[in-house]
Amino acid sequence: MARNNDIRVDIDGDASGLQRALNQSQRSLDTFARNTSGTLSSSAESIAGAFGRMSTGIGGVISVAGLAATSVGALVLKANDMVRELNQLSKQSGLSVEQLQRLQKAFRETGFDAEKFGDINQDTLDKLADAYRNGGGISDDIKSVGLDPKKYTKFLNDTQGGVKAVIQMFYDLRDAGASVADQKFLLESVASDASKLTGVLNESANANEAWLKISKESVDVTDEQAKQYAEFDKNLNTLTQTGKTYLFEALNQIVVATNNFVDVMSKKPDSTEFFDTYITKANALHKLLNSFGILNLVDPLTQSLIDGEEERRKNNKAPVLNNTLPLGAATVQLDEKGGYVDPAKEQAERDKKLKEEQRKQEQAAAKAKTLQEKAARDRLTAQSALDKAIADMTIDSNARQLVEFDRQQKALVDVINKSATTLGLSKTQLQKLLSDQLASGAAKRLDMVNQMIGYQDPNKSLKDTNALLASGGLNSTQKDFLADQQNQRINGGNPFTYDNTDKLQKDNTDAMNAELAQNDLLLKGHEDYEKRKAEITAKYNAQAIDISNQNAQAQLGKVRTSS
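Description of the structure in this document.

Conventions used here
- Residues numbered from 1 in each chain as written.
- Predicted model: local features only at pLDDT ≥ 70, side-chain atom pairs only at ≥ 80, totals over all residues.
- Heavy atoms only, no water.
- Phe/Tyr/Trp six-rings, centres within 6.5 Å; stacked < 30°, edge-to-face > 60°.
- Helix = DSSP H or I, 4+ residues; strand = E, 2+ residues; numbered from the N terminus.
- Buried < 20%, exposed > 50% of the residue type's maximum accessible area, 1.4 Å probe, protein only.
- Lys NZ or Arg CZ within 6 Å of the ring centre and 35° of its normal.
- Salt bridge = Lys/Arg side-chain N within 4 Å of Asp/Glu carboxyl O.
- Expected span 1.5 Å × (residues − 1).
- Patch = residues over 30% accessible without salt bridge, like charges linked within 9 Å, V, L, I, M, F, W, Y side chains within 5 Å.
- Areas by Shrake-Rupley, 256 points an atom, 1.4 Å probe, with all protein chains shown as cover.

### Topic: the packing of aromatic side chains
By the definition in use, this model includes three aromatic pairs. Residues Phe107 and Phe117 carry aromatic rings whose centres are separated by 5.7 Å and whose planes lie at 45° to one another, so their mutual orientation is tilted. Here Phe107, found in the loop between helix H3 (97–106) and helix H4 (114–134), pairs with Phe117, found in helix H4; they are 10 residues apart in sequence, far enough to count as distant. Overall, the relative accessible area of 2% leaves Phe107 in the buried class. Both rings, one in Phe112 and one in Phe117, keep their centres 6.0 Å apart while their planes meet at 75°; by these two values the pair is edge-to-face. Across this residue pair, the class does not change: Phe112 and Phe117 are buried. Put simply, the rings of Phe107, Phe112 and Phe117 touch in pairs and so form one group of aromatic residues. One residue, Lys116, lies across the ring of Phe112, its end atom 5.7 Å from the ring centre.

This is how it looks when you write it as structure tokens:
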């Protein structure tokens with residue numbers, strides 16, 4: 001089989017520093033050769049050209065090897081790092097690798113990562129276990145919102161019971177009609193940030209439906225694959241430790257030869273010994289790489305020329321050379337840490353730390369807010385209980401009734417304030433509600449006291465009528481009626497100033513028409529129809545005559561009485 005020694009290598013990367021050093025070295029050789037004569041001059045040109053090709057080839061081989069190692073190693077190790085993290089979270093939290101991924105995808109809208117669900121699961125189990133062993137704690141919080149703590153003891157023997165308990169608590173609270181504030185209070189009490197799950201949980205009717213949706217989420221790494229990666233990670237660690245010795249021993253010869261070559265390149269070319277040493281070390285490095293099958297840059301003829309020139313120098317046949325090399329030592333600048341630093345990776349690490357600090361601050365703020373809200377509720381509950389106790393301790397029945405009334409009014413004010421905050425009412429709206437409540441409470445308390453002493457306001461009916469008129473809820477007919485009632489109260493005893501004949505005549509006519517309409521409905525078409533109609537008409541006509549004379553007779557009687 002023919003061997004192709006011409007290999008083209010395309011390198012994507014910044015090797016400018018190394019290339020400049022190599023080019024500088026080659027220019028030094030060319031300058032040095034031009035200042036000499038004879039056989040050494042022609043040999044030096046051949047050697048310089050060969051070494052230039054060798055230098056370029058070394059850079060190519062190193063770059064290609066680096067790219068290959070980076071591509072394969074980064075892919076495998078990155079995947080292993082990701083799965084290692086999931087395995088660690090699984091062992092720490094009790095949630096399986098698949099369950100962690102499904103939870104993260106199901107609640108993707110919350111922005112939670114897998115670690116957050118591990119924290120929620122572990123925190124909830126810890127608090128439930130503590131309440132089960134010692135009492136109090138989270139069990140008191142569960143009771144305070146109307147739930148039974150015993151219902152959640154079944155989750156204590158489930159490694160995934162923490163998350164299951166949180167989800168079940170939410171639906172129990174919602175089914176019981178608990179307020180949003182109570183839902184947030186309890187869920188934050190069992191695990192920090194657990195209340196942020198409610199937005200997604202509200203989309204399901206119950207816990208079973210929620211878990212069904214979670215189970216349908218896909219996973220990137222199965223539990224079985226996670227086990228295989230765990231075994232791989234273990235073997236990789238073993239291989240890394242046991243393989244270092246073999247690797248270092250095998251490459252030690254190359255490391256020594258490379259160090260010798262770089263040492264020459266870093267020295268100042270101020271003597272003829274520089275050239276001799278330069279060629280010797282470069283040739284030794286190339287021959288060593290060729291013996292390992294790593295690199296072969298020159299043909300056998302060129303290699304024999306290089307070896308022959310090196311042998312001639314050993315026999316002290318080299319002419320005296322002018323010390324006129326103008327260039328300084330070739331150097332390769334390394335990163336201050338001794339290797340390549342990925343700026344994107346460092347920034348990602350800084351962002352991760354910043355995010356973690358922000359998360360801890362948010363958790364601390366949420367916890368403090370939850371404790372403040374709970375303390376406020378506890379104060380209100382304690383004050384309400386104290387007020388009730390004071391009312392119950394009052395011996396006198398009337399006094400006890402007044403104390404209980406005042407307590408209820410105070411509770412009503414608290415309800416108005418709390419509701420206004422929840423609904424986001426303005427200060428003006430809240431002040432109006434409180435003013436109305438204050439006026440209402442004062443009126444009711446006055447009525448209560450009046451009833452206790454047997455007092456009744458003689459003008460209560462009139463005041464109630466005025467309040468009804470002020471409300472604007474009466475029509476014109478009703479207002480006319482009240483106006484006539486008032487006129488009758490004021491002038492009813494004086495027939496000269498009060499005459500309601502027209503109203504009475506209208507009422508009489510309306511009554512007659514209503515009777516005639518009923519007669520049409522009952523007897524029309526019967527032989528008694530006309531008879532009944534005549535009777536109705538006669539009756540109401542007679543009443544009309546009496547009504548028309550009523551006021552005149554009253555006036556006459558008034559005159560007689562006066563005389």
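### So, the pattern of salt bridges
The full count for this structure, using the stated rule, is 19 salt bridges. Across the salt bridge formed by Lys196 and Asp193, the nearest N and O atoms sit 3.6 Å from each other. By relative accessible area, which is 42% here, Lys196 ends up partly exposed. Taking relative accessible area as the criterion, Asp193 reaches 4% and is therefore assigned buried.

### Observations concerning the environment of Ala517
Here Ala517 is to be found in helix H18 (residues 501–523). In this structure, the C-alpha to C-alpha distance between Ala517 and Lys533, residues 16 residues apart in sequence, is 9.7 Å.

### A few points about helix H14 (residues 397–423)
Look at H14: 39 Å from first C-alpha to last across 27 residues, which is about the 39 Å you get at 1.5 Å a residue. Every buried residue of H14 is accounted for by Leu402, Glu404, Phe405, Arg407, Gln409, Ile416 and Ala420. Phi turns positive one or two residues past the end of H14, at Gly424, with a value near 70°.

### What about a nonpolar patch on the surface?
A contiguous nonpolar patch, built from Leu423, Leu425 and Leu433 and spanning about 280 Å² of accessible area, is present on the exposed surface. By the secondary structure assignment, Leu433 is in helix H15 (residues 427–453). Judged by relative accessible area, which is 40%, Leu433 ranks as partly exposed.

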